[in-house]
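Next come the chains, spelled out residue by residue.
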Amino acid sequence: MKRTPAILVTALLALSLAFPVSAALFTDFDGYKSFNAGGNPVYNAEDPADYWVGAWDSGELIAESGIAIEEGKGFEGSKGLALWEDGTSNQGLYLFVTAANAIPSDYTGAVYLRVWMDLTDVGFRKANFGVSDSGNNLYSTDEENANAAEWPFYYCPEGATAWETYLHGGDGCFGDGQDSDVAGFKGWFAFPVSDFVIRSNANWDALEANTPAPMNDVKCVYLFWDYSDYLTGGDKFYLDNIEFVTDYTVFEVPEAVEEVIETAPAAEATADAPVETVPAAQTADTLSLALMGTIAALAFGIIKKRR
């Protein structure tokens with residue numbers, strides 16, 4: 001098979017990467033070769049592995065904490081992350097980015113964290129999401145802020161298309177202790193990442209109060225939760241498809257150049273043919289326009305859809 005000129009392949013890939021990304025997967029729990037506990041670098045300056053679970057406000061382990069990837073418990077029957085506790089302590093879950101699991105850390109342009117959750121058997125008293133950065137600073141909605149009670153989150157029941165709007169309570173959490181009961185919910189949740197602000201007791205870089213999370217430097221996704229007061233422990237709930245998105249209502253990613261289909265090469269120049277020089281800026285503009293038309297006209301990529 002004849003090869004496409006290298007400059008065309010390179011430019012095609014560069015152009016495809018320049019398109020805005022509307023959804024970027026953090027993890028869906030199907031890709032882990034193993035799922036290993038490690039240290040908690042946020043509070044203990046330890047090396048992380050895939051996850052850490054324990055006390056929400058320190059690096060202390062909780063013996064009753066339970067966590068496992070389970071078959072058939074995620075979105076559309078895929079693998080899902082099960083969480084449970086045999087008591088009623090406040091829990092902190094950290095899902096880390098490591099070289100071994102190859103989870104990306106740059107989500108520049110993300111506006112929402114979108115998560116699938118199955119809370120069929122569980123109610124929360126309080127819960128909230130957040131992220132940490134490479135300095136192990138922790139950001140979440142659970143921080144003193146005069147506007148926390150007005151911070152929204154969104155829910156779409158599985159099988160539905162309409163999204164419902166709820167509010168984090170004055171404590172920056174959701175759950176029946178914050179007048180936003182989610183007991184029995186199953187479906188999609190979305191949280192504005194602009195409301196993930198620096199936590200005062202995990203602010204190792206001495207950032208200003210209410211500094212928002214840097215979405216180009218996400219080293220973990222964090223969840224604080226505890227059971228509703230009417231539960232005594234042991235009930236499982238499930239997480240899946242943790243994503244950073246620009247529009248939480250959209251469930252497609254843009255076209256991606258996955259495979260280059262080679263075309264016939266241009267006629268080779270003869271030894272006598274003059275070499276014409278074109279200014280670099282003009283070349284780039286002309287090439288970009290040509291490539292956009294070429295991508296539209298030829299089957300240079302395979303469209304990948306999330307669902």
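The coordinates are above.
What comes next concerns the included structure. Small disclaimer: the values here were computed from a predicted structure and weren't measured. Here, residues in each chain are numbered from 1, in the same order as that chain's written sequence. Whole-chain, interface and lining totals are the exception, using all residues; otherwise, since this is a predicted model, local features are given only for residues with pLDDT of at least 70 and side-chain atom pairs are given and counted only at 80 or more. The basis for every side-chain value is the complete set of heavy atoms in the structure, and neither hydrogens nor water enter the calculation.

1. Description of the environment of phenylalanine 129
Defined as follows: Comment: elements are numbered from the N terminus, with helices defined as DSSP H or I runs of at least four residues and strands as E runs of at least two. Relative accessibility thresholds used throughout: buried, under 20% of the residue-type maximum; exposed, over 50%; partly exposed, between the two (1.4 Å probe, protein chains only). Any two residues having at least one pair of non-hydrogen atoms within 4.5 Å are treated as being in contact.
When you line up the elements, phenylalanine 129 lands in strand S7 (residues 124-132). Among the residues examined, phenylalanine 129 registers a relative accessible area of 2% and is labelled buried. For the pair phenylalanine 129 and phenylalanine 191, spaced 62 residues apart in sequence, the C-alpha separation works out to 7.9 Å. Setting aside residues no more than four positions away along its own chain, phenylalanine 129 makes contact with Leu113, Val115, Met117, Ser140, Thr141, Phe174, Phe191, Phe196, Val221, Tyr222, Leu223 and Leu239.

2. Comments concerning the pairing of strand S14 (residues 237-245)
As a reminder of what qualifies: Should DSSP find at least two bridges between two strands, the strands are regarded as paired.
S14 sits mainly inside the fold: nine of its nine residues count as buried. Where strand S1 (residues 23-27) and S14 come together, four bridges link them in antiparallel fashion. Its bridge partner lying in S14, threonine 27 is registered against isoleucine 242. Pairing geometry for strand S4 (residues 80-85) and S14, over three bridges, is antiparallel. Of the residues in S14, the one forming a bridge with alanine 82 is tyrosine 238. Looking at chain direction, strand S6 (residues 112-118) and S14 are connected through six bridges and run antiparallel.

3. Here we look at the pairing of strand S9 (residues 152-157)
A large share of S9 lies buried, amounting to five of its six residues. Across four bridges, S9 lies against strand S10 (residues 164-167) in antiparallel orientation. Across the sheet, the residue bridging to phenylalanine 153 is tyrosine 166, located in S10.

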